[in-house]
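Letter by letter, the chains look like this.
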Amino acid sequence: MKILASTLIATLLAGSASAAEMTVQNDSLTSFGNATIQVGFVTGEKGASWLTSPCDGNIVAVQIFWLSVTGGTGQLLGDSIDIYRSGTFPSPGALVQQINGPVLTDGVINEYRFLDDNNTIPLIVPVTNNETFVVAYTFGEDPPSSGPSLAVDSDGIVANRNAIYAQLSPGNFFWFSSENLGVSGDWVIRAVVDCQAGSGNADVSASISTSPALYTPGAAISHTLTISNAGPANAPSVIVVDAFPGAYTGTTWSCAASGGATCTSGGSGNISAVVNLPTSSHVTYTVNATVAPGTTGVISNSVTAVVNAPASDPDTDNNSATANVAPESDRIFASSFEPDP
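Note that the coordinates shown come from a computational prediction; the quantities given were computed from them, not determined experimentally.

A.B. asks: Honestly, the overall build of the chain in this entry has me stumped. Any pointers?
C.D. replies: From N to C terminus, the chain includes zero helices and 26 strands. Evaluated residue by residue, the chain yields a buried proportion of 46% over its 341 residues.

A.B. asks: Explanation requested: unusual backbone geometry in the structure shown.
C.D. replies: A negative phi angle characterises most non-glycine residues, just as the trans form characterises most peptide bonds. With an omega dihedral of 10°, the bond running from Gly 147 to Pro 148 counts as a cis peptide bond. Within the element layout of this structure, Pro 148 appears in the loop between β12 (132-138) and β13 (149-153). Here the residue pair Ser 211 and Pro 212 is connected by a cis peptide bond, since its omega of -5° sits within 30 degrees of zero. Here Pro 212 is to be found in the loop between β17 (200-211) and β18 (220-232). One non-glycine residue, Asn 130, lies in the positive phi region at around 70°. Its location among the elements puts Asn 130 in the loop between β11 (125-127) and β12.

A.B. asks: Looking at this model, I keep getting lost on the packing of aromatic side chains. Mind explaining?
C.D. replies: The way to describe two aromatic rings as a pair is by their centre distance and the angle between their planes. In total, this model carries eleven aromatic pairs according to the counting rule given. With 6.0 Å between their ring centres and 40° between their planes, Trp 66 and Phe 139 make a pair best called tilted. Of this pair, Trp 66 sits in strand β5 (residues 57-67) while Phe 139 sits in the loop between β12 and β13, placing them 73 residues apart in sequence. Note on Phe 139: relative accessible area 2%, which makes it buried. Among the aromatic residues, those joined into a ring-pair cluster are Phe 41, Trp 66, Tyr 137, Phe 139 and Trp 187.

A.B. asks: When you look at the sheet that holds strand β24 (residues 299-307) in this model, what are you seeing that I'm missing?
C.D. replies: The strands making up a sheet associate through backbone hydrogen bonding, with each pair oriented either parallel or antiparallel. With antiparallel pairing, four strands are arranged side by side in an open sheet as β22-β19-β24-β26. One side of each edge strand has no neighbouring strand; the edge strands of this open sheet are β22 (271-277) and β26 (320-325). This sheet shows a mean twist of 15° between the axes of neighbouring strands, independent of strand direction. In this structure, strand β19 (residues 235-242) lies alongside β22, joined through six bridges in antiparallel fashion. Each bridged residue has a counterpart across the sheet, and for Val 238 the counterpart in β22 is Val 275.

A.B. asks: In this structure, what is going on with the nonpolar core? I would like to understand it.
C.D. replies: Val 204, Ile 227, Ile 271, Leu 277 and Tyr 285 are the most contacted members of the largest nonpolar core, which totals 34 residues. Listed by contribution, the elements that provide at least two residues to this core are β17, β18, β19, β20 (248-258), β22, β23 (281-291), β24 and β26. The next biggest cluster of nonpolar side chains, apart from the first, holds 30 residues, and it includes Leu 104, Leu 115, Val 152 and Ile 164.

A.B. asks: Hey, could you run me through the state of the cysteines in this one?
C.D. replies: Simply put, the disulfide is a covalent bond whose two ends are the sulfur atoms of two cysteines. A full pass over the atoms with the stated rule returns two disulfides. Here Cys 55 pairs with Cys 195 through a disulfide, and the sulfurs are 2.0 Å apart. On the S-S bond that ties Cys 55 to Cys 195, the torsion sits near -85°, and the link is left-handed. Of this pair, Cys 55 sits in the loop between β4 (46-52) and β5 while Cys 195 sits in the loop between β16 (189-194) and β17; the two residues are 140 residues apart in sequence, bridging distant segments of the chain. Residue class for Cys 55 comes out buried when judged on its relative accessible area of 11%. For Cys 195, a relative accessible area of 23% puts it in the partly exposed group.

How each quantity is defined
- Residues numbered from 1 in each chain as written.
- Predicted model: local features only at pLDDT ≥ 70, side-chain atom pairs only at ≥ 80, totals over all residues.
- Heavy atoms only, no water.
- Helix = DSSP H or I, 4+ residues; strand = E, 2+ residues; numbered from the N terminus.
- Buried < 20%, exposed > 50% of the residue type's maximum accessible area, 1.4 Å probe, protein only.
- Phe/Tyr/Trp six-rings, centres within 6.5 Å; stacked < 30°, edge-to-face > 60°.
- Pairing = 2+ DSSP bridges.
- Axes fitted to C-alpha atoms, helices over the stretch in contact; angles between N-to-C directions.
- Core = buried A, V, L, I, M, F, W, Y, C linked by side-chain atoms within 4.5 Å.
- Disulfide = S-S within 2.5 Å.

Set out below in structure tokens:
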């Protein structure tokens, strides 16, 4: 990528967060401050801020300053806003949440509190005090020379807090420190952390069912895994783990959420995923596999739900469930046939 800059006065900023919320930022931009537009990006590249949580709580909003020279180009549909755990700078760690297709308005700090267009699935990412996390914006198209694009402040750049996911050659992207690519300020990419989203008890439970009830070697088998939260507190960070038996081949799974819960839609192989479970919500995993030919004996498959901060689960007896499936050849028939006398 090649960084092209244009400096102007920024006058429109986002509104303040509630008393329970704190805005986390590296930039020093204020109303009527100088902002520099960075327009040298290409499609698929990202600008990212490394931010630090001031408390135990939840990330409940992210903010992106989107700016052109005129400040009046209207709205644009972006690619995504990604939230990562920290890794080793400049490369982030695991992706924990993604806002797809954000609508960006030129000339303002855009704030996003939901994952969907209908504003029904809230953004909730648990963080701990002094935890570093990463918020990145992905470009869906090349910004024109006059913007709109991401912007930075004008009073210098904080070391190891600003990164760019840049394309060095077609299809080859790598993470770099922003200052190494000529950016002289901090990205105006921020997060809002709810510091009063304190801990609470959440009764999370797991259940499992199997079809068919008895397996046949070489044939299909499926499980339905349900992870529920009976409350009273929300459980925004529950890790669901299912390490499938070695006798399973070609294992795939999908997840459906209900009651405001969120989960990764699907995958293959073992399940190790973070789900968000508000009170009275649940997620349902549908697992499909094939039992390897030659399999004998009882097959055991277990699913476990681990509740992370800020919630806690005082009763973990119902957090795991196991299905023990015997082979069809073990079926004992109650009826018998005898020849007529």
